[in-house]
Amino acid sequence: MGFRCGIIGLPNVGKSTIFNALTAAGAEVANYPFCTIDPNVGIVKVPDKRLEKIASVIEPPKVTYTTMEFLDIAGLVKGASRGEGLGNKFLGHIREVEAVVHVVRCFENPDVVHVTGEVDPVRDVEIVNTELVLADLETVDRRFARDEKLLRTGDKSLQKAVEFLKKLRESLDRGIPAREMLRDEESRNYIEDLHLLSAKKILYVANVDEQGLKKESGHIAALKQYAAREGSGVITICGDLEAEIAQLPEAERKDFMDDLGLEESGLEKLIRAGYELLGYLTFYTTVGPELRAWTILKGTKAPEAAGKIHSDMERGFIRAEVLHYEDFIKMGGLAAAREKGLIRSEGKDYVMQDGDIVLFRFNV
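Draft legend 1. Examining the overall build of the protein chain more closely. Helix and strand counts for the protein chain come out as 15 helices and 12 strands. Here the protein chain, with 364 residues, has 49% of them falling under the buried criterion. Once local pairs closer than 6 in sequence are excluded, the contacts in the protein chain between residues at least 24 apart make up 69%. Of the roughly 18,300 Å² that the protein chain leaves accessible, carbon and sulfur atoms contribute 48%.

Have a look at this one:
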């Protein structure tokens, strides 16, 4: 599994259309609020040109892509933190994901009603973010009351936690998302323990019409300015166009995209941005008949990476034999790279790099 991503937004912004296009999962799409009640789930393979190139050289019997899981979560409305609409259910589903893709409507179309009556991306984003912050404020208030009571009864180990919770509560009360309090490892530990919604990393997806892919509108510019202030990213996707691409036979998709001047699909754009957002990288293994891609966090050391494959490999780790993808391509395969001495033997402190092709040696 690559990572689990929740697709959120106000009703009727195109969440389910984009979800369908990305996953071909067939979620119901309709022009009325709360079409999506329980989250639709779609698992897609992560497009990987490097994996395909390696496969074309070594021709393994089996090729396994890493994957990404999307949850299409019901549209949120103002007051969700107080249970309005499908509020409690919506907020609970967000807790289950690693990152949030917030779909924001950035196109005008009188035939598609907007839940507030007019298109305003910044206002829409603020409605959703405010509800997440308000829900988190309730969570923090409960924890603060509990820990402060225990501190008063003599549990001095909670002194730091209470001090941090007080600062966090004040910050949330000013409308500042919890992710802006992730300043050091201690803060991250406190916030992770609380499972706060506004601590999730977020990527804004501007859902545009076909014209919006060619020229940046005022709606897109406003969303980008907002996202830049909070340190979040923005990508543009035309949901309707992606839906057309998804319905085409795979052999015809590239020609269709070339005609439109699109270098990559919405799925490729979203996954690339998601990897950057979460700090992920991909490495490869060629064990037995299988060539396989794996997703790990940047900074992961070799034994931990081996543990992604099997816990026994991490416990019994001896060394990693590493060849980088670029050297593999330059030499035309593993055997030639080994002859040239390009396969390195790395120990427990080796930090994995994006594009590493690895054979882990371990004791059973």
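After that view of the structure, there is still more to cover.
Draft legend 2. View of the sheet that holds strand 5 (residues 99-105). Pairing within the open sheet is mixed, and its six strands lie in the order 2-4-1-5-6-7. The two strands at the open ends of the sheet, each matched to only one other strand, are strand 2 (40-45) and strand 7 (233-237). Each adjacent strand pair in this sheet contributes to an overall mean axis angle of 25°, direction not counted. Where strand 1 (residues 3-8) meets strand 4 (residues 67-72), five bridges bridge the pair, whose relative direction is parallel. Paired with F3 across the strands is M68, a residue of strand 4. Where helix 4 (residues 121-152) meets the sheet, its contacts fall on strand 1, strand 5 and strand 6 (201-207), and the angle it forms with strand 5 comes to roughly 145°. Where helix 11 (residues 266-278) meets the sheet, its contacts fall on strand 1, strand 2, strand 4, strand 5, strand 6 and strand 7, and the angle it forms with strand 6 comes to roughly 155°.

Draft legend 3. How the structure looks around the packing of aromatic side chains. This structure, assessed with the given rule, holds six aromatic pairs. When the ring of Y275 is compared with that of Y280, the centres are 5.8 Å apart and the planes differ by 70°; the resulting orientation is edge-to-face. An aromatic cluster is present here, built from F283, W294, F317 and F360 joined pairwise through their rings. The ring of F107 has R105 sitting right over it, with the charged end atom 4.5 Å from the ring centre.

Draft legend 4. Highlighting the pattern of salt bridges. Counted by the stated rule, this structure contains 22 salt bridges. Ionic pairing is found between K15 and D72, a salt bridge with its closest N-O pair at 3.2 Å. On the criterion of sequence distance, the pair formed by K15 in helix 1 (residues 15-23) and D72 in strand 4 is long-range, its members being 57 residues apart. One salt bridge connects R344 with E346, and the closest N-O pair in it is separated by 2.9 Å. Look at the salt bridges and you will find they share partners, linking R319, E321, R338 and R361 into a network.

Draft legend 5. Helix 4, seen in detail. The terminal C-alpha atoms of helix 4 lie 46 Å apart, and with 32 residues this matches the ideal 46 Å at 1.5 Å per residue to within 8%. Following helix 4 by one or two positions, G154 adopts a phi angle in the positive range, close to 115°.

Draft legend 6. Structural detail: unusual backbone geometry. Unlike most non-glycine residues, E59 shows phi in positive territory, near 50°. Considering the arrangement of structural elements, one finds E59 in the loop between helix 2 (49-58) and strand 3 (62-64). For E59, a relative accessible area of 64% puts it in the exposed group. The backbone phi angle of H195 is positive, close to 55°, even though this residue is not glycine. For H195, the position within the fold is in the loop between helix 6 (185-194) and strand 6.

Draft legend 7. Examining the sheet that holds strand 11 (residues 344-346) more closely. Strand order across the open sheet formed by six strands is 3-9-8-12-10-11, with mixed pairing between neighbours. The open sheet has two edge strands, strand 3 and strand 11, and neither has a second partner. The mean inter-strand angle of the sheet, taken between neighbouring strand axes irrespective of direction, is 30°. As judged from the eight bridges shared by strand 8 (residues 280-287) and strand 9 (residues 290-297), these two strands associate in the antiparallel manner.

Draft legend 8. Here's a closer look at empty space enclosed by the protein. With the rule as written, the count across this model stands at one cavity of 30 Å³ or more. Looking at the largest cavity, its volume works out to about 40 Å³. Secondary structure elements with two or more residues in the lining of the largest cavity: strand 1, strand 5 and helix 11. Residue contributions to the lining of the largest cavity peak at four residues, all from helix 11.

Draft legend 9. Quick look at the layout of surface pockets. By volume, the largest pocket amounts to about 1,200 Å³. Breaking the lining of the largest pocket down by element, the ones donating at least two residues are helix 1, strand 2, helix 2, helix 9 (239-247), helix 10 (250-260), helix 11 and strand 8. Here the lining of the largest pocket gets six residues from one element, more than from any other, and that element is helix 11. In terms of residue class, the lining of the largest pocket is built from 17 nonpolar, three polar and 16 charged.

Draft legend 10. Examining the environment of E186 more closely. Following the sequence through the fold, E186 ends up in helix 6. Judged by its relative accessible area of 40%, E186 falls in the partly exposed class. Once the C-alpha coordinates of E186 and F164 are considered, the two residues, 22 residues apart in sequence, prove to be 9.6 Å apart.

The rules behind these values
- The numbers attached to residues start from 1 for each chain and follow its sequence in the written order.
- Reporting of local features is limited, given that this is a predicted model, to residues whose pLDDT is at least 70; pairs of side-chain atoms are given and counted only at 80 or more, and all residues count toward the totals for whole chains, interfaces and linings.
- To get the side-chain values, all heavy atoms of the structure are used, and hydrogens and water are removed first.
- The helix count covers DSSP runs of H or I at least four residues long, the strand count covers runs of E at least two residues long, and both are numbered beginning at the N terminus.
- Relative accessibility thresholds used throughout: buried, under 20% of the residue-type maximum; exposed, over 50%; partly exposed, between the two (1.4 Å probe, protein chains only).
- Here, two residues are considered to be in contact whenever any of their heavy atoms come within 4.5 Å of each other.
- Per-residue accessibility takes into account occlusion by the displayed protein chains alone, with areas from the Shrake-Rupley method and a 1.4 Å probe.
- Any two strands with at least two DSSP bridges between them are considered paired.
- Axis angles are defined between N-to-C directions and span 0 to 180 degrees, where every axis is a line fitted to C-alpha atoms and, for a helix, only to the segment in contact.
- A pair of Phe, Tyr and Trp rings is counted when the ring centres sit within 6.5 Å of each other, with Trp represented by its six-membered ring. The angle between the planes then sorts it: under 30 degrees is stacked, over 60 is edge-to-face, the rest tilted.
- Whether a charge sits over a ring depends on NZ of Lys or CZ of Arg being within 6 Å of the ring centre and within 35 degrees of the ring normal.
- By salt bridge we mean one thing: a side-chain nitrogen of Lys or Arg within 4 Å of a carboxyl oxygen of Asp or Glu.
- The length a helix should cover is 1.5 Å for every residue beyond the first.
- Buriedness of a pocket was judged along seven lines, with at least five required to meet protein on both sides within 12 Å; pockets are open sets of points on a 1 Å grid over the protein atoms alone, cavities are sets where a 1.4 Å probe fits but cannot get out, and lining residues have an atom within 4 Å of a point.
- Grid points are joined across faces, edges and corners, and a volume is the space filled by probe spheres set on the points.
- Charged means Asp, Glu, Lys or Arg here, nonpolar means Ala, Val, Leu, Ile, Met, Phe, Trp, Tyr, Cys or Pro, and polar covers whatever is left, Gly included.

Just distances and angles here, no functional claims.
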